[in-house]
Amino acid sequence: MSEVLSCFDPAANPEAMLPVEESITRILAQVHCTLPIERVALADAVGRVLAEEQRSLLNVPAVTNSAMDGYAVRAAAFTDGSAPVLRVTGCVFAGQAFAGEVAAGEAVEIMTGAPVPKGADSIVIREAAERDGDQLRFIGPVKIGQHVRQAGEDIAAGAVALTEGVMLQPQHAGLLASLGLSEVPVYRPLTVAVFSTGDEVTAQGQALPENCIYDTNRFTLQGLLKRIGCRVIDLGIIDDNQSAMERTLSNAAQQADMVISSGGVSMGEADFIKKALSAVGQINFWRIAMRPGRPLAFGTINDTPFFGLPGNPVAVMVTFLQFVQPALRKMMGQKDWQPTRMTAVAETTLKSRLHRTDYSRGVYRIDEQGQLVVRSTGAQGSGILTSMVQANCLIEIGDDHGHIDAGQRVTIQPFGELV
């Protein structure tokens, strides 16, 4: 591993813990986007990461046009606030053009999206006018440029419409379509291999042996990965056997861009996992100053990044959100990605501990006074998966707080569409 990782030596001090932000910095220093670029149809591009910046070859909108149904006029005719009678000399629809020019005492009926006729500089909406045949009356003044969309006011010809590294959403697809594009360059999706460890972990569909649990982490991890846009290789549950673990890790690293396991990384857990990881890769085992999710393994297997996450269901989701997600986003080409953070007012006292970052599961909302407030979902044990089901955010309490009182402001990370 590089020096940035090796400078933290948990073996020298088993009780030492790495701060969350430092852990993220170390991880991001080790991962890079090396994905090939492919061109896909614009209709298939949503959820993919744009691989090259896109500049507009034309003005959007292409011509100065009306933003409303109404009448195209010269605003100078209404500077004194009078209500002159204008003569309507024609009508123009979207996709057409008015052949003549609008004089001071004239108006042209115009539809939304139609080019503004020569000589006109403003639109008076239809609801503000009274028309009798070709006679039109309304009360001024009229502001120059009102209800007019200028050519290029959205995107000017030659301007950057979207930068490289944007994960394309429906609005991005619409913007690219407005440039006349039918396909775009994007990065190939990441492929991630996932497996669970532990003789106590049982597959669904089987009778549950005494003192065992059904595997949940593979399913939550697969769901999180697919939401981000990754392809998933499900390697199932790996037996507590060093040779089987070594084979699995080596094969996974050859097939995938990243490998993720859950379980077996806490101090005191089965040594065969640590030995297998050391045999096939370069792995560090860290104790992170956080709750839930203190144990974390990170490194490489044949240059493929590897994450060993805790076994508890909530801990595996929280560590994924804080550590794996930023790494994935960088590897898939998203530049300088950061989780969304907002400030909310705590509705109740929130427990924490100094020198440790706590991620409580919370529910945020807008209260009757219009302010953003948040409350805990209740019991916060790292095995209580219902706390994630009930939550719509993580409440992030930094390591400089022993607790948060009701009424204090606190940082939250909304789940958005990911969870």
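It should be noted that the structure appears before, not after, this text.
Here the residue numbering is sequential within each chain, running from 1 through the sequence in written order. Totals for whole chains, interfaces and linings use every residue, but because this is a predicted model, local features are given only for residues with pLDDT of at least 70 and side-chain atom pairs only at 80 or more, for both listing and counting. Working from all heavy atoms in the structure, the side-chain values ignore hydrogens and water.

**A closer look at the sheet that holds strand 6 (residues 106-110)**
Two strands form a pair only when DSSP identifies at least two bridges running between them. Helical segments are the DSSP runs of H or I of at least four residues, strand segments are the runs of E of at least two, and each set is numbered from the N terminus. On the basis of which strands lie adjacent, the open sheet formed by 6 strands has the order 7-4-6-5-9-8 and mixed pairing. Among the strands making up the open sheet, the edge pair consists of strand 7 (122-125) and strand 8 (130-132). Going across the sheet, the axis of each strand differs from the next one's by a mean of 40°, ignoring polarity. When strand 8 meets strand 9 (residues 135-137), the two strands line up antiparallel, connected through 3 bridges. Looking at the pairing, Arg 131 lines up with Leu 136 of strand 9. Here, axes are lines fitted to C-alpha atoms. For helices the fit covers the stretch in contact, and angles between N-to-C directions go from 0 to 180 degrees.

**Quick notes on the side chain of Thr 377**
Structurally, Thr 377 can be placed in the loop between strand 25 (372-376) and helix 8 (386-390). When accessible area is computed with a 1.4 Å probe and restricted to protein chains, residues below 20% of their type maximum are described as buried, those above 50% as exposed, and intermediate ones as partly exposed. The exposure class assigned to Thr 377 is buried, which follows from its relative accessible area of 14%. We define a polar contact as two N or O atoms separated by no more than 3.5 Å, with the added condition that, inside protein, one atom must be a possible hydrogen donor and the other a possible acceptor, whereas residues neighbouring each other in sequence contribute only through side-chain atom pairs. In terms of polar contacts, Thr 377 uses its side chain to reach the side chain of Gln 380, at 3.1 Å. Every residue pair with non-hydrogen atoms within 4.5 Å of one another is taken to be in contact. Ignoring anything within four residues of it in the chain, the contact list for Thr 377 reads Arg 361, Gly 362, Val 363, Ser 387, Gln 390 and Ala 391.

**A word on the side chain of Arg 26**
For Arg 26, the location among the structural elements is in helix 2 (residues 20-30). You can call Arg 26 buried: its relative accessible area is 4%. Polar side-chain contacts of Arg 26 include one of 2.6 Å to the side chain of Glu 22.

**Observations concerning the pairing of strand 5 (residues 85-92)**
Taken together, the 3 bridges between strand 5 and strand 9 define a ladder with antiparallel strand orientation. Looking at strand 9, one finds that Leu 86 is bridged to Leu 136.

**Some thoughts on the nonpolar core**
Joining through side-chain atoms within 4.5 Å is the link that ties buried Ala, Val, Leu, Ile, Met, Phe, Trp, Tyr and Cys residues into a set, and such a set is a nonpolar core. Counting 45 residues, the largest nonpolar core has Met 258, Ile 260, Phe 307, Leu 309, Phe 320, Phe 323 and Leu 328 as the members making the most contacts within it. Residue assignment for this core shows that the elements contributing at least two residues are helix 2, strand 13 (191-197), helix 4 (217-228), strand 17 (258-262), strand 20 (295-301), strand 21 (304-309) and helix 7 (313-331). Those residues in contact with Leu 328, other than ones at most four positions away along the chain, are Leu 190, Val 192, Leu 225, Ile 228, Cys 230, Met 258 and Phe 320. Among the nonpolar cores identified, the runner-up in size contains 20 residues, and Ala 193, Val 265, Val 280 and Ala 297 belong to it.

**Examining the sheet that holds strand 13**
Pairing is mixed in the open sheet, where 6 strands are placed in the order 16-13-17-21-20-18. The open sheet has two edge strands, strand 16 (231-238) and strand 18 (282-287), and neither has a second partner. The average undirected angle you get between the axes of adjacent strands in this sheet is 15°. Sheet analysis places strand 17 next to strand 21, joined by 4 bridges and oriented parallel. Looking across to strand 21, one finds that Ser 262 is bridged to Leu 309. The strands touched by helix 7 within the sheet are strand 13, strand 17, strand 20 and strand 21, with strand 21 carrying the most contacts at an inclination of about 170°.

**Some details on the packing of aromatic side chains**
The geometry of an aromatic ring pair is captured by the separation of the ring centres together with the interplanar angle, meaning the angle of the planes. Between the rings of Phe, Tyr and Trp (Trp by its six-membered ring), a pair exists once the centres lie within 6.5 Å; its type follows the angle of the planes, with under 30 degrees stacked, over 60 edge-to-face, and the other angles tilted. Under the defined criterion, the tally for this structure stands at 2 aromatic pairs. Each ring, one from Trp 286 and one from Phe 298, has its centre 6.1 Å from the other, and the planes form 45°; the classification is tilted. Remark: Phe 298 occurs in strand 20 and Trp 286 occurs in strand 18; sequence separation between them is 12 residues. A residue is classified by how much of its surface remains accessible, and Trp 286, at 2% relative accessible area, is buried. Between Phe 298 and Phe 307 the ring centres are 4.9 Å apart and the planes differ by 45°, which places this aromatic pair in the tilted class. Each residue in the set Trp 286, Phe 298 and Phe 307 is aromatic and connected to the rest through ring pairs, giving one cluster. Throughout this description, the term charge over a ring refers to an Arg CZ or Lys NZ atom that lies within 6 Å of the ring centre and within 35 degrees of the ring normal. For the cation-ring pair, Lys 274 lies above Phe 285, with the distance from its terminal atom to the ring centre recorded as 5.4 Å.

**So, the packing of helix 2 against helix 7**
Where helix 2 meets helix 7, the closest approach of the two axes is 10 Å, and the angle between their N-to-C directions is 30°. Looking at the two axes, helix 2 sits roughly parallel to helix 7. For the crossing formed where helix 2 meets helix 7, the hand is right-handed. The segment helix 2 lies against helix 7, with Val 20, Ser 23, Ile 24, Ile 27 and Leu 28 engaging Gln 322, Phe 323, Pro 326, Ala 327 and Lys 330. The class makeup of the residues in the contact of helix 2 with helix 7 is 7 nonpolar, 2 polar and 1 charged. Should an angle fall under 35 degrees it is called roughly parallel, over 145 degrees roughly antiparallel, and 65 to 115 degrees roughly perpendicular, with every other angle called oblique. Each crossing is labelled by how the near helix is turned from the far one, with a counterclockwise turn of less than a right angle marking it left-handed and a clockwise turn marking it right-handed. Three classes are used, and their members are as follows: Ala, Val, Leu, Ile, Met, Phe, Trp, Tyr, Cys and Pro are nonpolar, Asp, Glu, Lys and Arg are charged, and the others, Gly among them, are polar.

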